[in-house]
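# Fold and geometry: a report
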Amino acid sequence: MYRHCIFQTWKILRLSSSIQLSTTCKPSQQIRYLHLHDILKKDIIAVSDGTKPGFIKRLVKRMGWLDHSKGRLKGSGYILYENVADKINYIKFFEEFKMPDTFFSWFLITELHVWILMVRTMAEGDEGRFTRNNIVEAMWQDVYTRAKKLEPANPSAVRENLQEISEQFQAAVVGYDEGLLLDDKVLAGALWRRFFQRNCNDPEYLERLVHYIRKQ
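Structural notes, computed from the coordinates. (Residues numbered from 1 in each chain as written. Predicted model: local features only at pLDDT ≥ 70, side-chain atom pairs only at ≥ 80, totals over all residues. Heavy atoms only, no water.)

### Some remarks on the overall build of the chain
For clarity, the cut-off: To qualify as a helix, a DSSP run of H or I must reach at least 4 residues; to qualify as a strand, a run of E must reach at least 2; elements of each kind are numbered from the N terminus. With a 1.4 Å probe rolled over the protein chains alone, any residue whose accessible area is under 20% of its type maximum counts as buried; one over 50% counts as exposed, and the rest are partly exposed. Throughout, a contact is declared for two residues whenever any of their heavy atoms are within 4.5 Å.
When helices and strands are tallied, the chain shows nine helices and zero strands. Each helix and strand of the chain, ordered N terminal to C terminal, gives the series α-α-α-α-α-α-α-α-α. Counting all 216 residues of the chain, 45% fall into the buried class. Sequence separation of 24 or more characterises 77% of the internal contacts of the chain that already satisfy a separation of 6 or more.

### A look at the pattern of salt bridges
Note the cut-off: By definition here, a salt bridge exists when the distance from a side-chain nitrogen of Lys or Arg to a carboxyl oxygen of Asp or Glu is within 4 Å.
According to the stated counting rule, one finds seven salt bridges in the structure shown. With a shortest N-O distance of 3.0 Å, R146 and D142 are connected by a salt bridge. Placement of both R146 and D142 in helix α6 (residues 125-150) is noted, with a separation of four residues, approximately one turn of the helix. A relative accessible area of 14% places D142 in the buried class. Through salt bridges that share partners, K92, E96 and R208 make up one connected network.

### Quick word on helix α3 (residues 70-87)
For the record, the criterion: The span expected for a helix works out to 1.5 Å for each residue beyond the first.
Between its first and last C-alpha, α3 extends 26 Å over 18 residues, near the 26 Å set by a 1.5 Å rise per residue. Listed in full, the buried residues belonging to α3 are L73, S76, G77, Y78, L80, Y81, V84 and A85.

### With respect to the packing of aromatic side chains
Definition in use: Stacked, edge-to-face and tilted labels apply to pairs of Phe, Tyr and Trp rings (six-membered ring for Trp) whose centres lie within 6.5 Å, assigned for plane angles under 30 degrees, over 60, and everything in between, in that order.
One pass over the structure, following the stated rule, counts 13 aromatic pairs. On the basis of an interplanar angle of 40 degrees and a centroid distance of 5.8 Å, the ring pair of F93 and F97 is categorised as tilted. Take F93 and F97: they sit in the same class, and that class is buried. Taken together, the ring pairs connect F93, F97, F195, F196, Y205 and Y212 into an aromatic cluster.

### Considerations on the packing of helix α8 (residues 184-193) against helix α9 (residues 203-215)
Rules: Axis definition: a line fitted to C-alpha atoms, over the contacting stretch in the case of helices. Angles run 0 to 180 degrees between N-to-C directions. Working rule for angles: under 35 degrees goes down as roughly parallel, over 145 as roughly antiparallel, 65 to 115 as roughly perpendicular, anything else as oblique. Crossings are sorted by hand: turned counterclockwise from the far helix by less than a right angle, the near helix makes the crossing left-handed, and turned clockwise it makes it right-handed. Gly is put with the polar residues, along with every residue not named as nonpolar or charged; the nonpolar set is Ala, Val, Leu, Ile, Met, Phe, Trp, Tyr, Cys and Pro, and the charged set is Asp, Glu, Lys and Arg.
One can describe the packing of α8 onto α9 by two numbers: an axis separation of 10 Å at closest approach and a directional angle of 110 degrees. As judged from the angle between their axes, α8 and α9 are roughly perpendicular. Crossing handedness for the pair α8 and α9: right-handed. In this structure, α8 uses D184, L187, A188, L191 and W192 to contact α9, whose residues at the interface are L206, L209, V210, I213 and R214. The residue makeup of the contact of α8 with α9, split by class, is eight nonpolar, no polar and two charged.

This is the structure we're talking about:
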C-alpha cells in the first residue's frame, strides 16, 4: 500500500512536470562542487531495519542542552551544522540518486539535512529556535565560502546566485514542513519538486528518500 501511494504520487507529478516552480535550478547554478569536507565511508543511504535512529537524531541527543546561555547555544548551532555536514556522504547521494556532482547538488543535499536538523531543534522551545537560527547562519557562511572559491573573480555573480538560492531555500522549507505534517505523498511531492528538480524517473528514489527522512 505504501509503495503504491508513492508510485501513484510519482505518476501524478510526472504528468504535471510542465509547471515550473521557483525551486527549479537554473543552468548558471550548475557549477562544479569543491569537496571541502572529507568524505566518510559510512553509507547513510542504505535502508536500515528501522530500529536504529537516524544519525541526526543521535547527534542531537548526544549534544544535549547543558547550557542555555546564548553564547553556548550559538556555538551549539554551529557545531550541529558542522557535524551534520561532515557526516553526509555526498558521493553516495550523487550515485544513489543520479545527481550531477555540482555546487547546486551539494546545496540540495545540505539543505535537506539542515531542514531535518531545524525540525529536531524546534522541539526544544525557545532555546531550540535560537539554535535553529544559528544552524541556518552557519550554513549560509559555509555556502558563501564555497561559492567564493568557485567564482573568486565575480563577487557580484556570487551575491546574485546566493540571493536566488536563499529564496529557494525558504520555499523548500515550507514545502518540506507541509509534507512532514501531512503525509508521505505530500512529502514525496515536495522532494520531487525541490530535491529532484522535477526530474525523477524512478519512484523508488522518492520512496527511499521519504523513508530516510522519516528515519531521522
